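Chain residues, written in single-letter form:
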Amino acid sequence: MMPMRMPGHMFPPGLPMVPPNMISMGPPGTGGLPNMSDWSEHHARDGRVYYYNKRTMESTWEKPKELIEQENKSDNKEENDVMAKENNMDKQNEERMEVDKNDEAEKKDKEDKKEEEKEAEDKEEEMTEEEKAAEKAKPIATKPVPGTPWCIVWTGDGKVFFFNPSTRLSLWDRPDELVGRADVDRMVLAPPPDQEKETENTAQKKKMEDDTNVEEQPKAKKKKKEKPEKESNVEKEASIEAEVKAARERAIVPLDIRMKQFKDMLLERSVSAFSTWEKELHKIVFDPRYLLLSPKERKQVFEKYVKSRADEERKEKAQKVKQHKDEYRALMEEAKLVPKSTFSDFAQKFGKDQRFKNIEKMREREGVFNEYMIEVRKQVKQQSQTKLEKLKADFVALLEEQDDITNKSRWSKIKEYLNSDPRYKAVDSSSQREVWFKQYQETMDKQANKAHEKQKRAEASIRQREKEVQMARSEQLKELDRERDQYKKDEAIQHFKALLADLVRDADASWRETRKQLKKDHRYELARLLERDEKEKLFNEHVNSLLQRRRDKFRRLLDETSGVTLTSSWKEVKRKIKEDKRYTKFYVSDRMKEHEFYDYLKERYNTAKADFKVLMKETKSITHKSKKLLEESDQHLYDIEKVLSKDKRYTCLECIEDERKDILIDYINELYRKGPPPPPTASEPTRKPVMK
């Protein structure tokens with residue numbers, strides 16, 4: 001009896017939590033113990049073979065040297081073992097053909113059990129003591145503790161540990177929540193849950209086998225006893241001799257030819273791709289081509305054959321099923337089934353037809369029949385619907401030809417002069433004619449209503465359009481009036497400006513006095529469209545322009561006067577320009593001239609400072625390092641001044657030499673605070689200040 005399946009990936013305490021296919025489950029404190037080799041062979045999804053080391057958890061496509069050496073050592077031993085097994089199987093096949101079917105089945109079961117036991121014994125003999133201990137220490141049964149998440153787990157060597165599936169925790173010691181519970185004590189002292197059942201089943205099974213052996217003596221045993229031992233020895237010698245002869249032939253014939261002949265044998269013997277090597281062996285073991293390959297090569301060729309042949313068999317089977325269904329459908333088409341046909345009548349009539357028999361299951365035949373009948377009924381229904389629609393279309397066309405039919409006409413009067421028309425007679429039901437007539441009248445009403453609504457919408461659309469056109473025209477007229485008024489106003493402004501230009505030439509004139517003078521001129525009436533505020537505004541603009549013109553002329557005079565510097569006083573400059581004829585034309589009072597002079601100096605001073613700063617930015621010798629160079633030596637400042645002295649923007653500030661030097665020092669300090677300039681691709685704000 002198989003042990004109970006452990007819940008989830010359950011491991012005793014001390015084992016690393018790795019997938020169960022990588023290590024074997026062992027008792028607490030032991031890991032997964034390696035077999036004779038830690039490497040194992042596996043197949044990827046695309047069929048390629050790869051190798052996995054369960055101890056180092058390493059995968060590789062190339063075959064490890066350890067496996068190659070191990071296979072070379074075990075080839076001879078494996079061939080002898082396989083030969084012996086094959087000879088035994090030959091004898092068993094001959095014996096099976098001699099005994100009855102029931103005895104053959106019983107004997108096969110017993111032999112399979114013996115082989116399994118023998119394999120288990122061989123496996124145990126091959127295993128080391130550590131592997132045996134690890135095999136015994138595997139969990140064989142588990143039982144949950146009521147009311148707790150814990151389970152009690154029994155191992156093969158009779159030990160017990162506790163496992164929590166939710167936390168995946170394994171403990172040898174009893175958890176705190178299970179201490180002091182009598183039911184847990186009984187469960188721990190009792191044998192595993194499946195051990196008692198397994199013992200009872202084994203005893204009953206053994207008893208039944210003994211009774212069977214006593215009551216029914218197989219004929220095979222009797223015949224086996226009767227066979228002489230000499231015959232068995234002769235057969236063994238013959239099989240060994242055949243195997244030796246085949247080995248000689250294998251050395252002569254190339255491997256690819258032998259493999260092709262072996263595959264041909266598998267096809268000829270109808271070896272199933274969905275079976276196993278052991279079950280299909282009796283079909284090919286007596287064929288001479290069976291010995292063309294070594295035992296290992298036979299299984300490899302068989303596995304390749306199974307993979308390739310399985311797809312072919314599936315395709316052939318699917319194609320055959322499709323062909324049978326098509327033939328069965330053709331049979332139903334020949335039968336000319338009607339919507340009322342039943343499967344029982346069809347099966348009774350065509351049951352002997354081979355196309356009917358090709359589909360093995362009656363349920364499948366009926367299913368295909370029902371699918372076909374759905375199509376038949378659908379087709380008939382569609383045909384009747386098409387015919388009915390044609391009759392209705394012809395009948396409606398007949399009604400449309402009558403000019404005297406209105407929505408108030410009565411069917412009893414209309415049908416009197418329609419009953420002679422073949423389109424009228426084609427409709428069998430009189431009630432159907434009346435229904436279609438009423439539907440025709442409803443259609444006429446709907447069409448009339450639609451025409452009326454369409455006419456209403458058209459009239460409303462026309463009215464809306466006329467309204468929009470009228471509004472647009474009104475807006476256009478208003479726009480034209482506005483443009484005309486604006487043109488007249490612009491013309492009045494031009495006349496008034498011309499009047500101011502002719503009569504007002506003094507920048508100190510006032511609006512009150514000037515207005516009286518302007519009114520005396522006849523051109524003043526041309527500006528009657530302008531308001532009083534607008535006229536005053538135009539006057540102020542004209543006076544400002546005169547003031548600006550006078551200021552520009554005065555400053556031009558100062559620019560032309562030599563010796564005017566940023567530190568010059570008004571008295572000095574006045575003595576120089578007093579004799580100029582233009583001096584008396586600018587301002588009436590000297591105070592206004594003085595005020596204008598200082599405004600001129602202030603503006604010139606600001607312009608000179610701005611130009612000097614631009615000059616310092618253009619000078620490449622002034623950098624963020626200049627401050628440190630100035631602290632080290634004054635020579636750097638001298639070099640900078642020497643370079644700057646060649647530019648007029650520097651020399652124009654000689655009158656304020658100290659202030660010029662302060663501006664230069666402030667600029668150098670500012671560059672030092674900003675730090676190194678950014679690269680050409682960076683923006684100015686990203687410059688980081690130098691840490692002091």
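No experiment lies behind these values; they were computed from the predicted model shown.

Participant: Please provide a residue-by-residue account of the overall build of the chain, values included.
Facilitator: Across its full length, the chain carries 25 helices and seven strands. With 692 residues in all, the chain has 28% of them scored as buried. When contacts within the chain are restricted to residue pairs at least 6 apart in sequence, long-range pairs at least 24 apart make up 56% of them. Counting every atom, the chain has about 49,800 Å² of accessible surface; 50% of that belongs to carbon and sulfur.

Participant: A description of the sheet that holds strand β2 (residues 49-53) should follow, citing residues and the corresponding values.
Facilitator: Strand order in the open sheet made by the three strands is β1-β2-β3, with antiparallel pairing throughout. Both edges of this open sheet fall to β1 (39-43) and β3 (58-60), since each of them pairs with a single strand only. Within the sheet, the average angular offset between the axes of one strand and its neighbour, ignoring direction, is 30 degrees. Of the pairings in the sheet, the one linking β1 to β2 comprises five bridges and is antiparallel in character. Opposite E41, over in β2, you have Y51 as the bridge partner.

Participant: Got a sec to walk through helix α23 (residues 635-644)? Specific residues and values, please.
Facilitator: When we look at burial in α23, the residues that qualify are H636, L637, I640 and L644. The arc enclosing the buried residues of α23, seen along the axis, measures out at 100 degrees, which places them on a common side. In the core, the buried residues of α23 are packed alongside α21 (590-618), α22 (626-632), α24 (648-651) and α25 (657-674).

Participant: Give a description of the nonpolar core that names residues and reports values.
Facilitator: Formed by 19 residues in total, the largest nonpolar core has its most connected members in F612, M616, I622, L644 and L664. Only α21, α23 and α25 provide two or more residues apiece to this core. Residues contacting L644, with those up to four places away along its chain left out, are F612, L615, T619, Y650 and L664.

Participant: Account for helix α19 (residues 570-577), naming residues and giving values.
Facilitator: Of all the residues in α19, the buried ones are W570, V573 and I577. An end-on view of α19 places all buried positions within 70 degrees of arc, on one side of the element. The outward face of α19, more than 90 degrees from its buried face, is lined by the exposed residues K571 and R575.

Participant: Describe in detail a negative patch on the surface, supporting the description with residues and values.
Facilitator: Taken together, the side chains of E654, E657, D658, E659, D662 and D666 present a region of like negative charge at the surface. Tracing the chain through its elements places E659 in helix α25. Given the relative accessible area of 31%, E659 is considered partly exposed.

Participant: Go over the sheet that holds strand β6 (residues 160-164), please, and point to the residues and values.
Facilitator: As summarised here, the arrangement of the four strands in space is β4-β5-β6-β7, forming an open sheet in which the pairing is antiparallel. The outermost strands of the open sheet, each flanked by one partner alone, are β4 (139-144) and β7 (169-171). When strand polarity is set aside, the average angle formed by the axes of neighbouring strands in this sheet is 25 degrees. In the sheet, β6 pairs with β7 via three bridges, with the strands oriented antiparallel. Pairing of F162 across the sheet is with L171, part of β7.

Participant: Describe the pairing of strand β5 (residues 151-155), with residues and values.
Facilitator: Extensive coverage of β5 is indicated by the burial of five of its five residues. Neither face of β5 is open: one carries C151, V153 and T155, the other I152 and W154, and all of them are buried. Two strands pair when backbone bridges link them, and β4 and β5 are joined in this way by five bridges, in the antiparallel orientation. Bridging across to β5, T142 finds its partner in V153. Counted along the chain from β4 to the antiparallel partner β5, the turn is six residues long, and its residue G147 has a positive phi close to 80 degrees. Sheet analysis places β5 next to β6, joined by four bridges and oriented antiparallel. Bridge pairing in β6 places V153 opposite F161. What sits between the antiparallel neighbours β5 and β6 is a turn of four residues, in which G158 has the positive phi angle 85 degrees.

Participant: Can you tell me about the packing of helix α17 (residues 511-519) against helix α18 (residues 532-560), naming the residues and giving the values?
Facilitator: For the pair α17 and α18, the least separation of the axes is 11 Å and the interaxial angle reads 110 degrees. As the angle between them shows, α17 and α18 are arranged roughly perpendicular. When α17 is examined against α18, the residues W511, T514 and R515 are found in contact with a partner set consisting of R532, K535, E536 and F539. Split into classes, the residues belonging to the contact of α17 with α18 amount to two nonpolar, one polar and four charged.

Participant: With reference to specific residues and values, describe the pairing of β2.
Facilitator: Pairing between β2 and β3: three bridges, direction antiparallel. Across the sheet, Y51 pairs through a bridge with T60, a residue of β3.

Participant: Before we move on, could you go through the side chain of Q441 and cite the residues and values that matter?
Facilitator: Tracing the backbone shows Q441 in helix α16 (residues 430-503). With residues up to four places along the chain from it excluded, the contact list for Q441 reads T406, N407, K408 and S409.

Participant: Describe the environment of T406, naming the residues involved and giving the relevant values.
Facilitator: Relative to the assigned elements, T406 resides in the loop between α13 (362-400) and α14 (411-414). Exposure remark for T406: the relative accessible area of 39% places this residue in the partly exposed category. Along the sequence, T406 and Y440 sit 34 residues apart, while their C-alpha atoms lie 9.7 Å from each other.

Reading the values: rules and limits
- Residues numbered from 1 in each chain as written.
- Predicted model: local features only at pLDDT ≥ 70, side-chain atom pairs only at ≥ 80, totals over all residues.
- Heavy atoms only, no water.
- Helix = DSSP H or I, 4+ residues; strand = E, 2+ residues; numbered from the N terminus.
- Buried < 20%, exposed > 50% of the residue type's maximum accessible area, 1.4 Å probe, protein only.
- Contact = heavy atoms within 4.5 Å.
- Areas by Shrake-Rupley, 256 points an atom, 1.4 Å probe, with all protein chains shown as cover.
- Pairing = 2+ DSSP bridges.
- Axes fitted to C-alpha atoms, helices over the stretch in contact; angles between N-to-C directions.
- Arc of directions from axis to C-beta.
- Core = buried A, V, L, I, M, F, W, Y, C linked by side-chain atoms within 4.5 Å.
- Patch = residues over 30% accessible without salt bridge, like charges linked within 9 Å, V, L, I, M, F, W, Y side chains within 5 Å.
- Salt bridge = Lys/Arg side-chain N within 4 Å of Asp/Glu carboxyl O.
- Lys, Arg positive; Asp, Glu negative; His and termini not counted.
- Charge placed at Lys NZ, Arg CZ, Asp CG, Glu CD.
- Parallel < 35°, antiparallel > 145°, perpendicular 65-115°, else oblique.
- Nonpolar A, V, L, I, M, F, W, Y, C, P; charged D, E, K, R; others polar.

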